[in-house]
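So you can see what is in the structure, the chains are spelled out below.
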Amino acid sequence: MSQNGKLLPNLDQHSTKALNLTVLQRIDPFVEEILITAAHVTFYEFNIDLNQWSRKDVEGSLFVVKRNTQPRFQFIVMNRRNTDNLVEDLLGDFEYEVQVPYLLYRNAAQEVNGIWFYNSQDCEAVANLFSR
């Protein structure tokens, strides 16, 4: 259990999911289930006036969650770059487009954002979930 003198936790997939759920419920007590997780994403925003992408200060693990109140579905990014986690509501009119390894979307504030997925399979899995 140690590597280079560091103690590593021995968590199976179920324990990791339970731990992540506990952490997410500290941020939002209405979270009842994690539907999917992407281990590492980075966010970009599109400036329509300049017609260019720029990196946002958001990077970390992405969780698509089910809540027991409205809005029923959200995605949350546990931000590693600062203390502000990103939360977006997944409403019926949620617009998105997939260009693996990117998922591009327009949020309720009409901002165009791009999510870069370290693992392109995570990108496809999240997009498949959004299409339901």
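What you are looking at is a predicted structure, and each value in this text was computed from that prediction instead of being measured. (Residues numbered from 1 in each chain as written. Predicted model: local features only at pLDDT ≥ 70, side-chain atom pairs only at ≥ 80, totals over all residues. Heavy atoms only, no water.)

Colleague: What should I look at first to understand the pairing of strand E7 (residues 95-99) in this one?
Modeller: For a regular strand, the rule is simple: side chains alternate between the two faces of the sheet. The pairing of E7 with strand E8 (residues 102-106) spans five bridges and is antiparallel. Among the inter-strand pairings, Val98 is bridged to a residue of E8, identified as Leu103. Taken together, E7 and the strand that follows it, E8, pair antiparallel across an intervening segment of two residues. (Pairing = 2+ DSSP bridges. Helix = DSSP H or I, 4+ residues; strand = E, 2+ residues; numbered from the N terminus.)

Colleague: Sorry if this is basic, but what is going on with the sheet that holds strand E5 (residues 73-79) here?
Modeller: The strands making up a sheet are joined through hydrogen bonds of the backbone, oriented either antiparallel or parallel. The strand order across the open sheet formed by seven strands is E6-E5-E4-E3-E9-E8-E7, and the pairing between neighbours is antiparallel. The two strands at the open ends of the sheet, each matched to only one other strand, are strand E6 (86-89) and E7. Adjacent strand axes in the sheet meet at a mean angle of 30° when their direction is disregarded. Contacting strand E3 (31-47), strand E4 (52-67) and E5, helix H1 (residues 13-27) runs over the sheet at an angle of about 70° to E3. Lying over the sheet, helix H2 (residues 120-130) contacts E3, E4, E5, E7, E8 and strand E9 (112-117), oriented at roughly 110° with respect to E3. (Axes fitted to C-alpha atoms, helices over the stretch in contact; angles between N-to-C directions. Contact = heavy atoms within 4.5 Å.)

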